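Next come the chains, spelled out residue by residue.
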Amino acid sequence: MIVLSRLHARSITLAMLAWFPTAAAAADRSAFFVSHASSIEDTCLDVDTRSLPFSCHRVSDGEQTVVAVRDFKRTWNADHSSFSKLTVVLPESPRVGQVFTIGEQGVRAFFSNGASAFAGKSGCYSTAATGEVTVDAVERHRVEVSLRATFTLASPLDWPGDCNVPVSIHRAIKARSANITELGAWEGRPHADDSPFVEAHP
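These numbers were taken from a predicted model, which means no experiment stands behind them.

Enquirer: Is there a simple way to think about the state of the cysteines in this case?
Expert: Two cysteines whose sulfur atoms are joined by a covalent bond form what is called a disulfide. Under the criterion given, the structure shown has two disulfides. Here C44 connects covalently by a disulfide to C56, the sulfurs 1.9 Å from one another. Judged by the torsion about the S-S bond (85°), the C44/C56 disulfide is right-handed. In this pair, C44 is assigned in the loop between strand 2 (25–38) and strand 3 (60–61) and C56 in the loop between strand 2 and strand 3, connecting sequence segments 12 residues apart. As far as the burial class goes, C44 and C56 line up, both buried. Across the disulfide, C124 is cross-linked to C163 (sulfur-sulfur distance 2.1 Å). Because the torsion about its S-S bond is -90°, the bridge between C124 and C163 counts as left-handed. You can see C124 sitting in strand 8 (residues 124–139) and its partner C163 sitting in the loop between strand 9 (142–151) and strand 10 (167–177), a full 39 residues away along the chain. For C163, a relative accessible area of 8% corresponds to the buried category. Should the bonded cysteines of the chain be numbered as they appear in the sequence, the pairing reads 1-2, 3-4.

Reading the values: the criteria
Residues numbered from 1 in each chain as written. Predicted model: local features only at pLDDT ≥ 70, side-chain atom pairs only at ≥ 80, totals over all residues. Heavy atoms only, no water. Disulfide = S-S within 2.5 Å. Helix = DSSP H or I, 4+ residues; strand = E, 2+ residues; numbered from the N terminus. Buried < 20%, exposed > 50% of the residue type's maximum accessible area, 1.4 Å probe, protein only.

Set out below in structure tokens:
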């Protein structure tokens with residue numbers, strides 16, 4: 001569930017629509033985790049403008065656990081289809097009951113959403129400013145975590161008013177195991193010549 005300030009009712013509606021399908025739309029959702037991986041690197045925002053909503057979601061080899069959620073909402077009008085991505089980085093081999101604070105022990109979170117047809121030209125993105133991650137379950141092929149985090153959003157093109165309301169995400173994530181070599185651009189492993197449009201579509 002996404003919770004915003006009570007003073008911004010319209011923003012609440014818009015934020016929730018980015019996550020939940022309406023009667024006129026169909027959603028593709030996936031949640032996965034990758035061990036021995038890394039994401040949300042220190043320099044991940046040192047990219048061209050159009051890549052800003054996607055660059056910190058990219059997954060590489062490393063020494064941590066990456067938990068990722070990828071949502072795509074299809075509509076009859078392709079120009080209105082949208083993406084929403086959430087990536088969380090935890091220490092390697094998390095244990096049930098552990099509670100990690102964002103910013104400590106290398107724990108990080110990144111969120112972005114926008115119109116898929118206008119990838120990198122619309123929507124919002126941000127690393128988590130504050131929050132925590134609770135590890136609820138750990139199995140060989142499954143991890144469950146609960147995220148409570150606040151994101152101070154930014155617009156890729158610095159459009160005023162689009163992303164000026166911080167968003168708080170409270171979400172339980174049930175993720176299946178994935179092999180990093182099997183991930184594609186949508187999940188966070190684009191090829192060097194892939195465009196942001198490819199990263200915005202499953």
